[in-house]
Structure formats: C-alpha cells, structure tokens
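This is what each chain is made of:
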Amino acid sequence: MSDTSARACPAIVLAEVLEVRLPLLKAFTTGFGTTETRRIVLVHIVDEEGHEGWGEAAALDHPYYLPETTSSAFALATEWALPLALRAGQEPFEVARALEVIRGNTFARAGVESAFWCLKASRMGCPLSELFARAVRTGRGAVGEAAVPLRSSIAAGESIGMQTTIEETIAEVELRAGEGYRRIKLKIAPGWDLDVATAARRVLGEDAMLQVDANGSYDGSDPATLEVMEGLDELGLACIEQPLSWDDLLGHAKLQERLKTPVCLDESLRSPADVRRALELGACRNVNLKPGRVGGVAASLDIHDLCMSHEIPLWCGGMLESGVGRAVNIALCALPGFSEPADMSPASVFYAWDIVEPAYEVDRDGTIAVPARAGLGFEVRADRVASQLVRRAVVEAGRSER
Ligand code: OSB
Ligand code: MG
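On a predicted model such as this, the values are computed, not experimentally measured, just so you know.

Caption draft 1: Molecular detail of the overall build of the chain. Looking only at helices and strands, the chain has 13 helices and 17 strands in total. A globule of 402 residues ought to have a C-alpha radius of gyration of about 21 Å, and the chain, at 20 Å, matches this closely. When the backbone C-alpha atoms are referred to their principal axes, the chain occupies close to 65 × 45 × 35 Å. Sorting the 402 residues of the chain into buried and exposed places 60% on the buried side. Considering only contacts within the chain whose residues lie at least 6 apart along the sequence, 72% involve residues at least 24 apart. The centroid of the 40 positive side-chain charges in the chain is displaced by 4 Å from the centroid of its 58 negative side-chain charges.

Below you can see the structure in the form of structure tokens.
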C-alpha cells in the first residue's frame, strides 16, 4: 500500500541518465587497486510542476571493487531500471519493488530509486532525512509520521588511501584528527598493514577511533593472513573492514571467530538478505552500509532496522560520490541506527569542485550538518554537470501513469 496513488502524481516530463566526469585531485589507492578517474552516473527526473529528483549510481570506473562499472550502470539505468521505474508509478517503495526483478546491478538500481525519493521529498517540501524517518519501520508501507528521532548533525570519518610512505600517511592522519574528524580509516593490503596501522595508533593515542579496510585483498587460505589479522587485533581497532574476498562469507565467519576486533563487511553485503545471512553465520559484528551497494534507500532502511534490532554497529560508507550521492548518505546517517561515524570526507578532500553548491564541509567538532532544505538539500549546478558531461540518454516517460 502506498499513501498516494500514481494517478494523483503530476506527470514526469523529463527522465534522463547522465554520465559526468569528476575532477579527482589525486588517485585513490586501495587493496583492489588505484582509482585514477571518477565518472559517475546521475539520474534526473522532472515533473510537470517543476519538481526534480536527482540520484547517483556511484559504481567506480573499473570492475575491481565490485562487478559493476560506470559504463554498466549507465546502460542498466538507461535500458532497464529507469524504464521499469517509470512504469511502476512514482512512489519510491513501488519503484524499489519494481526494480527488485533486476539481479545485482545495485548501484544502477539505487541511482534510479534515489531520484524518486528526492522527487517525493521535493514535492512534500521536506528534507530527505525527514522523508526517510517517515519511511523507516513501515515495512515498506505507507509513508506516514516520523517513526524515529533524527540527528541534526552526523559524525564524519575519513578514509585514507594507501600512500607511498608511512610518513605521508601519518601526516594525513594528523591533519584530519586535528581537523576534528571523529574516526580515521586506513586502507590496507598485504605488505601495507601492521606498520602503518601501528604508527597511526601511536600518533592518535589509545582512545581515538581507528579502523582499517582491506577491500578484500587478503587470502583467507594463506596462514600469513591470520598472522597479520592477529597483529591488527592487538591495536584496539573499531573494526577490520572486508579483509577477505568480496564473496567469502564463510571465510569471514571463520576469521571473526578468531578475533576480538569486529570484522566489518562492505563488498560482501549487497542486499538486506546478505546482511541477514552474514549475521546468522557470524561473518561480521559491524556493518558498512552504502546505499548504492545494497540496491537503494528501501534496502538501506531494511538494513537499518535489522542492525538496530540485532544491536549491530552500523555506519555509512562512501563511494567517493558527488554531492548528489553524498546527500542521500547524509540524510540516511541522520537515522538513529547509524551509530558510528560515516566515511564522509567533503568533496574538497577528493575533488577540485563538486557539482552541488554549496558543498558541505566538516565542522571543527568533526560533524556535518544535516540539510534542512527540502528535497536533495543541495543545489545541483547544472552548468557544471553540462561542462563535465560525457554522455546523456533520455528515457521516454510514457503516458502509462496518466
Ligand atoms: O571500500 O569503503 C571503501 C571508495 C571507493 C570504493 C570503496 C571504498 C571507498 C572508500 C572511500 O573508502 C570513502 C569515501 O567515499 O569517502
Ligand atoms: Mg570498504
């Protein structure tokens, strides 16, 4: 059941998919390799009253994080997800349900679904965060009164890519800790792990929140892996994120049994069902949620409720999104189940400039204000989208809703 029928909605007069190049300041190196360029997919819908919805499909340019790429997300959104969504009506939960027939391709689905959440918030004249608070715990039913209290600001952490030297990394750790960031995450990989994490722990002190992310770069069947993990286990880390392969739930369960530090899963969790399975297997005690990776906002709300009921620490990861994708992440983080700081460095850390304005910044106390503006909460700079445009596809909205 939905609160408004599709028939009552103003018609969508424009539905387009845009690929946009973002000017990455420097390459971002992780256990899966180096990301040198950043192209994102934007989904943009406009209704006859001028209300707009924006969504971002934040797959990376390459298939080294997960199978999806910018190009595959562009094609999937254009050929399948957006046409299916337009036929489903305009209610975000209906769109989410319609897109569930698509297997995988979570980033593309999320980009499309997000545009409909944004459109709805814009029509209701409320911020995305408030819409999410009204949608959570409804079992994907009618959007009603807010069911949970919202935060007005969220805690920010930084994810620090692998650098050439430990000194360089430690300089970045000190810079961000000094700026007030509430948590530091270091990218690690075999050969770049214990030394850098130990050095970071030393400069940060015992009480600071520190964690590592291997992006699936350790081999679960190699005895040397356990040795490194046991070394990391002595550093008082908040979690060890995705140490083993992206599809190795069982390996993570076996590893978690040997460690006191919570294992956190990122790549392995691509749906609410994945999270349920991981918790049941004991494959993690901490959850990184990226709305794109899990297939959208509706799935994110399910995972939010699941983690809250299991008392599992939950936090929002990042995909080096533009301000469009980050807006959804920030709004989700305003929900009470997001108990740990998010990977939410502002655009100024990664990019020469953002496509939204004003871009958010991290305050001296390490927090980011949750936008109070209706809809996305940020102004999309159409001129910058146009100047960075790689390709564009218009999807025929059809007349089926009217
Ligand atoms: O593993 O969390 C990750 C960026 C791209 C792909 C995967 C990851 C990351 C990050 C960056 O860690 C976090 C951010 O967007 O600030
Ligand atoms: Mg990660």
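Caption draft 2: Main features of the site of ligand 1. Near ligand 1, the surroundings consist of 18 residues, among which Ser 159, Lys 187, Asn 215, Leu 320 and Arg 326 are the closest. Relative to its free-state accessible area of 390 Å², ligand 1 is covered by the protein chains to the extent of 100%. Classifying every residue of the shell around ligand 1 by side-chain character gives 7 nonpolar, 3 polar and 8 charged.

Caption draft 3: Summary view of helix H3 (residues 106–124). For H3, built from 19 residues, the straight-helix expectation of 27 Å at 1.5 Å per residue is met to within 8% by its first-to-last C-alpha distance of 27 Å. Counting buried residues along H3, 17 of its 19 residues qualify, which places the element largely inside the surrounding structure.

Caption draft 4: Summary view of the sheet that holds strand S5 (residues 52–57). Taken in spatial order, the 4 strands make up an open sheet running S5-S4-S1-S17, and their pairing is antiparallel. For this open sheet the edge positions go to S5 and strand S17 (389–394), each flanked by a neighbour on one side alone. Between one strand axis and the next, the sheet turns through 20° on average, direction left out of account. By the bridge criterion, 10 bridges tie strand S1 (residues 12–22) to strand S4 (residues 38–47) in an arrangement that is antiparallel. Each residue of the ladder has a partner; that of Glu 19, found in S4, is Val 41. This element, H3, spans S1, S4 and S5 of the sheet and lies at about 155° to S5.

Caption draft 5: The arrangement of the confidence of the model for the chain in detail. Looking at the chain, the pLDDT average stands at 95 and 97% of residues meet or exceed 70. Ignoring residues within four places in sequence, the model shows residues 1–6, a span with pLDDT below 50, making 13 contacts including any to other chains.

Caption draft 6: How the structure looks around the nonpolar core. One finds Phe 132, Leu 232 and Leu 301 to be the most contacted residues of the largest nonpolar core, which totals 102 residues. Not counting the four nearest positions on each side in its chain, Leu 232 is found in contact with Ile 188, Leu 194, Ala 197, Val 212, Leu 237, Ile 240 and Thr 261.

Caption draft 7: Quick look at the environment of Leu 119. Relative to the elements of secondary structure, Leu 119 occurs in helix H3. Between the C-alpha atom of Leu 119 and that of Asp 47, which follows or precedes it by 72 residues, the distance is 8.5 Å. Every residue in contact with Leu 119, bar those within four places of it in the chain, is listed here: Ile 12, Ile 45, Asp 47, His 51, Glu 52, Gly 53 and Gln 90.

The rules we used
- Residues numbered from 1 in each chain as written.
- Chains lettered and ligands numbered in written order.
- Predicted model: local features only at pLDDT ≥ 70, side-chain atom pairs only at ≥ 80, totals over all residues.
- Heavy atoms only, no water.
- Helix = DSSP H or I, 4+ residues; strand = E, 2+ residues; numbered from the N terminus.
- Rg over C-alpha atoms; globule rule 2.2 N^0.38 Å.
- Buried < 20%, exposed > 50% of the residue type's maximum accessible area, 1.4 Å probe, protein only.
- Contact = heavy atoms within 4.5 Å.
- Lys, Arg positive; Asp, Glu negative; His and termini not counted.
- Charge placed at Lys NZ, Arg CZ, Asp CG, Glu CD.
- Near = heavy atom within 4 Å.
- Areas by Shrake-Rupley, 256 points an atom, 1.4 Å probe, with all protein chains shown as cover.
- Nonpolar A, V, L, I, M, F, W, Y, C, P; charged D, E, K, R; others polar.
- Expected span 1.5 Å × (residues − 1).
- Pairing = 2+ DSSP bridges.
- Axes fitted to C-alpha atoms, helices over the stretch in contact; angles between N-to-C directions.
- pLDDT = per-residue confidence, 0-100.
- Core = buried A, V, L, I, M, F, W, Y, C linked by side-chain atoms within 4.5 Å.

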